[in-house]
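Read off the chains here:
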Amino acid sequence: MYSRIQNCRWTSLHKHLLTSSQRTYASGILKKKENVSTYFQPGKIYHGFLCSEVEPIKEFSMTAYFLIHEKTKTEYLHLERDDSNNVFSIGFRTTPLDSMGTPHILEHTVLCGSEKYPVRDPFFKMLNRSLATFMNALTGPDYTFYPFSSQNEIDYRNLQKVYLDAVFKPNLSRLDFLQEGWRLEHSKLEDKTSDLVFKGVVYNEMKGAFSETSSLFGQKFINTILPKGTYGYISGGDPLCIPELTHEHLRNFHATYYHPSNARIYSYGNFPLEQNLKFLNETYLSKYEFLDPKSTVVAPQERWKYEKKTNIHCRVDQYGGSVEKQNQIAFGYVLSDITNIYETFMLTAFVELMIIGPNSAFYKSLIEKNISGGYNSLTGYDNQIRDTLFVIGLRDVEKNKFDMIEKTVNQTIDNIFSKGFEKNHIESVLHGFELSIKHQSPKFGLHLLFSLMPLWNHNGPILSSLKVNELLDKLKDNLMKPQYVKDVIEKYFILNNHKLVMTMVPDPKFDDVFNDAEAKLLKSKVKELSPKEKDEIFEEGLQLSKVQKEVQNLDVLPCLKIEEITLNKTAPPLKHTISGTVPLQLCEANTNGVTYFKGVLGTDCLIDQHRLLLPFFTNILDKFDTRNYNYRDFDKYVSKSTSGISVISHITEHIDLKDQFEQAILVSSHCLDENLPKMLDILTEIFNRPDFSNSERMTMLLNNYCSSLTSGIIDSGHTFAMQAARSLVSSVDECKENLSGIKHIMNMQEIQNKYKIEDIQSSVDVISKNILKGNNLRAAFHYSNTNQNVLEFVDKFCTNLCDNDVQDVNRINWVDCKSPNKDNRGLHISMNIPVNFCAKVIPTVPYTDPDYPKLRVLSRFITSKYLHPIVREQNGAYGGGAMLTIDGIFNYYSYRDPNTRITMDVFDETTDWMSKNKDLVDDQNLFEAKLSILQQMDQPIAEHMKGVDMFLYGLSYDIWQTQRERVLAVKKEDLIEVCHKYLKMESWSGKCVIGADASHQIRKDNEIWETISGPQQ
Ligand SMILES: [Zn+2]
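Colleague: Where do I start with the overall build of the protein chain in this structure?
Modeller: Across its full length, the protein chain carries 36 helices and 30 strands. Its C-alpha atoms give the protein chain a radius of gyration of 28 Å, near enough to 31 Å, the size a compact globule of 1017 residues would have. Each principal axis of the C-alpha distribution contributes one length, and for the protein chain these read about 85 × 70 × 65 Å. Here the protein chain holds 1017 residues, and the buried ones make up 61% of them.

Colleague: Explanation requested: the packing of helix H22 (residues 631-641) against helix H23 (residues 676-687) in the structure shown.
Modeller: Two quantities define a packed helix pair, namely the angle between the axes and the distance from one axis to the other. Remark: H22 packs on H23, axes separated minimally by 9 Å, with the N-to-C direction vectors making an angle of 145 degrees. The chirality of how H22 crosses H23 is left-handed. Residues Phe-634, Tyr-637, Val-638 and Ser-641 of H22 lie in contact with H23, whose contacting residues are Lys-678, Asp-681, Ile-682, Glu-685 and Ile-686. Here the residues of the contact of H22 with H23 sort into 5 nonpolar, 1 polar and 3 charged.

Colleague: Would you take a moment to explain the nonpolar core for this structure?
Modeller: In globular proteins that are soluble, nonpolar side chains generally tend to be buried together. Ranked by size, the top nonpolar core spans 157 residues in total, and within it Leu-77, Leu-79, Tyr-266, Phe-362, Phe-390 and Phe-617 carry the most contacts. Examining the composition of this core, we find that 11 residues originate from one element, helix H10 (residues 341-355), more than from any other. The residues contacting Phe-617, other than those within four sequence positions of it, are Ile-665, Phe-692, Val-764, Ile-767, Ser-768, Ile-771 and Leu-772. Counting residues in each nonpolar core, the second largest holds 89 residues, with Phe-49, Tyr-117, Ala-137 and Trp-182 among its members.

Colleague: Which parts of the structure should I look at to understand the environment of Asn-630?
Modeller: In this fold, Asn-630 is placed in the loop between helix H21 (614-620) and H22. Note on Asn-630: relative accessible area 38%, which makes it partly exposed. Considered as a pair, Asn-630 and Leu-353 are 277 residues apart in the sequence and their alpha carbons are 19 Å apart. Engagement of the side chain of Asn-630 in a polar contact is seen with the backbone nitrogen of Arg-632, the distance being 3.0 Å. Polar side-chain contacts of Asn-630 include one of 2.9 Å to the backbone nitrogen of Asp-633.

Colleague: Would you take a moment to explain the pattern of salt bridges for this structure?
Modeller: Pairing between side chains of opposite charge can happen when the charged atoms of each approach one another. Summed over all chains, the structure comprises 46 salt bridges. Close ionic contact of Glu-302 with Lys-228 constitutes a salt bridge, the shortest N to O distance being 3.7 Å. On the criterion of sequence distance, the pair formed by Glu-302 in the loop between helix H9 (273-283) and strand S13 (308-314) and Lys-228 in the loop between helix H7 (213-225) and helix H8 (247-257) is long-range, its members being 74 residues apart. By relative accessible area, which is 57% here, Glu-302 ends up exposed. For the salt bridge of Glu-307 with Lys-499, the shortest nitrogen-to-oxygen distance reads 3.5 Å. Taken together, the residues Glu-307 in the loop between H9 and S13 and Lys-499 in strand S17 (residues 499-506) connect sequence positions 192 residues apart. Note on Glu-307: relative accessible area 37%, which makes it partly exposed. Connected through shared salt-bridge partners, Lys-840, Arg-901, Asp-905, Asp-908, Lys-991, Lys-1004 and Glu-1007 make up one network.

Colleague: I'm lost on the packing of aromatic side chains in this one. Help?
Modeller: Scanning the entire structure with this criterion turns up 49 aromatic pairs. Ring geometry for Phe-837 and Tyr-895: centres 5.6 Å apart, planes at 65 degrees, overall edge-to-face. One end of the pair, Phe-837, is in strand S26 (residues 836-843); the other, Tyr-895, is in strand S28 (residues 889-897), and 58 residues separate them in sequence. Judged by relative accessible area, Phe-837 falls into the buried class, the value being 1%. For Tyr-895, a relative accessible area of 4% corresponds to the buried category. Site record: aromatic cluster; members linked through ring pairs are Phe-92, Tyr-146, Phe-168, Tyr-258, Phe-279, Tyr-284 and Tyr-288.

Colleague: Would you mind going over the environment of Ile-959 with me for this structure?
Modeller: In this fold, Ile-959 is placed in helix H35 (residues 957-969). On the basis of relative accessibility, which here comes to 28%, the residue Ile-959 falls in the partly exposed class. When the C-alpha positions of Ile-959 and Thr-848 are compared, they lie 7.7 Å apart, and in sequence the two are 111 residues distant.

Colleague: Could you clarify how one ought to interpret the sheet that holds S17 in this entry?
Modeller: The mixed open sheet is built from 5 strands, whose spatial order is S13-S17-S14-S16-S15. Because the sheet does not close on itself, it has two edges, and the strands there are S13 and strand S15 (380-382). Strand-to-strand twist of the sheet, defined as the mean angle between neighbouring strand axes without regard to direction, takes the value 25 degrees. Of the pairings in the sheet, the one linking strand S14 (residues 327-337) to S17 comprises 6 bridges and is antiparallel in character. If you follow Gln-328 over to S17, its bridge partner there is Met-504.

Colleague: Please clarify how the sheet that holds S28 should be interpreted in this entry.
Modeller: Across a sheet, strands are paired by hydrogen bonds formed along the backbone, either parallel or antiparallel in direction. Here we have 6 strands laid out as an open sheet, ordered S27-S28-S26-S29-S25-S30, and mixed in their pairing. Pairing within the sheet leaves two strands with one partner each, and these edge strands are strand S27 (879-884) and strand S30 (1007-1013). Across this sheet, the average inter-strand angle for adjacent strands is 15 degrees, counted without regard to direction. As defined by bridge partners, S26 adjoins S28 across 7 bridges and the pair is classed as antiparallel. Paired with Cys-838 across the two strands is Ser-894, which belongs to S28.

Colleague: Please explain helix H17 (residues 482-494) as it appears in this structure.
Modeller: Note that an α-helix has 3.6 residues per turn; residues three or four places apart therefore point the same way. Taken residue by residue, H17 has Tyr-484, Val-485, Val-488, Ile-489, Tyr-492 and Phe-493 as its buried positions. For H17, the angular spread of buried residues about the axis comes to 130 degrees, placing them on one side. Elements that come into contact with the buried residues of H17 comprise S14, H10, strand S16 (387-397), helix H12 (402-419) and helix H16 (468-479).

Colleague: Even after reading the chapter, I still don't get the state of the cysteines, so can you show me in this structure?
Modeller: Chemically, a disulfide is nothing more than a covalent bond linking the sulfur atoms of two cysteines. Summed over all chains, the structure comprises 0 disulfides. No disulfide involves Cys-314; its sulfur sits 19 Å from that of Cys-706, the nearest cysteine. The class of Cys-314 is buried, set by a relative accessible area of 3%. No disulfide involves Cys-706; its sulfur sits 19 Å from the nearest other cysteine sulfur, which is in Cys-735. Classification of Cys-706 as buried rests on a relative accessible area of 12%.

Colleague: I would appreciate a short explanation of the pairing of strand S4 (residues 62-69) in the present structure.
Modeller: Taken across its 8 residues, S4 has 7 buried, putting it largely inside the fold. Pairing geometry for strand S3 (residues 49-57) and S4, over 8 bridges, is antiparallel. Directly across from Phe-49, in S4, lies its bridge partner His-69. Taken together, S3 and the strand that follows it, S4, pair antiparallel across an intervening segment of 4 residues, in which Ser-61 is found at a positive phi of about 45 degrees. As paired strands, S4 and strand S5 (residues 75-81) are joined by 7 bridges and run antiparallel to one another. What sits directly across from Ala-64, in S5, is Leu-79. Connecting S4 to the antiparallel partner S5 that follows it, the hairpin turn spans 5 residues, and Lys-73 within it adopts a positive phi of roughly 65 degrees.

Colleague: Can you help me understand a positive patch on the surface in this one?
Modeller: Positive charge collects at one region of the surface, where Lys-116, Lys-161, Lys-169 and Lys-287 lie side by side. Relative to the helices and strands, Lys-169 resides in the loop between helix H4 (153-168) and helix H5 (174-180).

Colleague: Is there a simple way to think about the packing of helix H30 (residues 851-874) against H35 in this case?
Modeller: For the pair H30 and H35, the least separation of the axes is 9 Å and the interaxial angle reads 60 degrees. When the interaxial angle is binned, H30 and H35 end up oblique. When the axes of H30 and H35 are compared, the crossing they make is right-handed. Only Gln-963, Arg-966 and Val-967 of H35 make contact with H30, whose side of the interface consists of Tyr-852, Pro-853, Arg-856 and Val-857. Of the residues belonging to the contact of H30 with H35, the class tally is 4 nonpolar, 1 polar and 2 charged.

What counts as what
- Residues numbered from 1 in each chain as written.
- Predicted model: local features only at pLDDT ≥ 70, side-chain atom pairs only at ≥ 80, totals over all residues.
- Heavy atoms only, no water.
- Helix = DSSP H or I, 4+ residues; strand = E, 2+ residues; numbered from the N terminus.
- Rg over C-alpha atoms; globule rule 2.2 N^0.38 Å.
- Buried < 20%, exposed > 50% of the residue type's maximum accessible area, 1.4 Å probe, protein only.
- Axes fitted to C-alpha atoms, helices over the stretch in contact; angles between N-to-C directions.
- Left-handed = near helix turned anticlockwise from the far one by under 90°.
- Contact = heavy atoms within 4.5 Å.
- Nonpolar A, V, L, I, M, F, W, Y, C, P; charged D, E, K, R; others polar.
- Core = buried A, V, L, I, M, F, W, Y, C linked by side-chain atoms within 4.5 Å.
- Polar contact = N/O pair within 3.5 Å; in protein donor to acceptor, adjacent residues only side chain to side chain.
- Salt bridge = Lys/Arg side-chain N within 4 Å of Asp/Glu carboxyl O.
- Phe/Tyr/Trp six-rings, centres within 6.5 Å; stacked < 30°, edge-to-face > 60°.
- Pairing = 2+ DSSP bridges.
- Arc of directions from axis to C-beta.
- Disulfide = S-S within 2.5 Å.
- Patch = residues over 30% accessible without salt bridge, like charges linked within 9 Å, V, L, I, M, F, W, Y side chains within 5 Å.
- Areas by Shrake-Rupley, 256 points an atom, 1.4 Å probe, with all protein chains shown as cover.
- Lys, Arg positive; Asp, Glu negative; His and termini not counted.
- Charge placed at Lys NZ, Arg CZ, Asp CG, Glu CD.
- Parallel < 35°, antiparallel > 145°, perpendicular 65-115°, else oblique.

From the geometry alone we can't say anything about function, so treat these as descriptive.
The following block contains the structure:
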């Protein structure tokens, strides 16, 4: 539900990696069955661990082993499964009773160096020395955990060593605490008379964290509805409380909470368990005594006798709708205890029946009234904490509607109580559960970890929770009894007094209130200082800056070697054929009884005015009446037979030719094998064109769509900044910017304000008439060999769609576009946020050019050797780096950056830096840069994604393999050569800054800058 997990640098870094030059698809597929171990038996002891339970989990073809370390009582769960994408994780229950952010700051500082690996940021450094498919550290409201995954066993053991030493033996030095937590520092380091200011990585991070208003609402909501104990506090840290934390408190917190007796260790996959146990026991656990973790336990919340109401304030969303409408309201109920796994499972289904889709009661009573911008981001069922929560909320509502909404919510619950749920609505929700169990998730071992961790953290029955089929059978029986539904609604809603109504209203002075409080706190802190303490602050500031600039010896960290890397991919078995005029790509794969469809429909025939509406069109395509169904029945039919219909814009560059691209939409869905005829029938309904004449529904969907656009901008500001910068140098990206960037938000606001709903309806009609045609389709199917009749059904589907008069087979229509003028342009996207996002982009060469792999390796090299040390470690941005997109545009970016001008200069001066630092281009650094690219290229591909690069981008396995060989062949001289050839300061470029800084501060002499700002100033 709401993302209260503080996914720190590692998530955001990983996000950066995954969005860079290659389109990677996630991992985790079942390989052929090998012998399952029968070695571990209940009651026996292995390396100090007592094996207490062994349980086969049939639904996921795996065996679960639960072990307890005899001396320290450390709990260990191993899930043995024939999956090469192995996972390891260690987690601790961290339950502070204050908002100083101790668990969050600890998560940062344990990664500043440990006994065996005294290196700053060992995780970040391991990113270049490993083939990890995932690496992270996460702080939740009541736990902190450190997971990674890898397909390479040597790599897995390397990472395990670094992770375990970091959590059990961190240095936690005072300077690390000052750097990562908080400190007072002179605004001019060398000048003792300059002002003192607050600094610190987590301090700054948490100042930015609540700029996203949905995060603020989520945090305040949980603090208010669960006020007793740890949930009443901000585990990530409140900037006004963080300065109370001392170094000593941090060290004590580590000794208590990061103790083996408070640890939960998890492994998954096909690597042998025994080595994990041996290493853990010998190196760490055997050296500890048991420490009773009872102080970390979270007690169930005391239930309220009366419901409560409260109001909070937030900042104005500059790019949102009118300020009068920027209010939110939410209703929360505390439901079951997380350890009651059947109740939690059952309530998940109830909540879905109550709020999701046009057949649910709340959708009918709240959303279809068109009084809001739709459900807010808190809406749903939160089963990640001890006391699970149901929340229903609306965004973008006028204040005068609050009372009416409250009445409606109560009436809706009464209605569900008296009328129950419709039988076929229940069936469609249960079908969704069944399909999701069969769908082979690419990162299955990680998904299991993420769903088990919260339950395990409160000592819930984790092995039983894995037996989903048993839970599902019980649920099916119960849901069919009307009295059962009544009882549940009565118990958890009608008679439940632990209920909170919270509203949130924007305040134009919101930032001033915080700034005043911060200034007051600073003043009182400075006033308390003795002359001696002032001297220490000055000295420590200088010392910290010196340590940050020191060159570190990374040789202590393990590193994978070239001979330890094996290519574990093969060309997918693709068949290409034509049916009617539809080109087909067919792939038989190990899809576990599920059939997958993907279809691309060209949109180059549309005029610009209609093209701007495409993202909205893709959003509403499956939400109207069709030839044979009204929209409610159609929704039931779709969710009873398929995973749902997903439609997105698809714009892709030519991999050989500059300035050629395909513009289209991508439709996809999947179903159980036996439902294939129904899925094809549903797609035929869509191709027969829905009826868009319901203007009330169109208005409601347009309002909800526009309201949804601005959420998430701040969390991925660097992506928006790079996209906007690319639109200045490439017409392909100009097209993308209009359909997915900041421009799209502004276009939609204009459309919403300027056009009548009839105009929009007729545009949508024209779009559907022009693109929903069999002669405009190419399709791909993935299926198991158990699905005998697939080809027959597919052939019938395609020939039915095609117009018999048209004989031409549909081919990709590559659209030519003119190159923009080669002026150096910049775009300043003005926004009222406390930090900035900077981007600079330079067009280079397409994917198949021999220079492309060299530039790709260069992007990784300058990220880790130049941009990360300077933009992040020295200049205080949260992240910074470079990447190459598939169309050959070289991108620089910074993330949550306190600077703009300085960072832009760093980007501009790349070649100067390279000239001065040629000796950094040595064998090891070159290898590390290549390794970080292989990390992306060698990610395992899910069965239903095999060959999809070929289908979507024309990128065959052979071309992919050539690229991989070329990456491995890049030489030291190549890096220096392409750096000077393409990245000179005077090279044609585009720039973008998102943030409050004025553009005149950034502009250089030869640059043309433009400023845009949202409608709400
Ligand atoms: Zn953090």
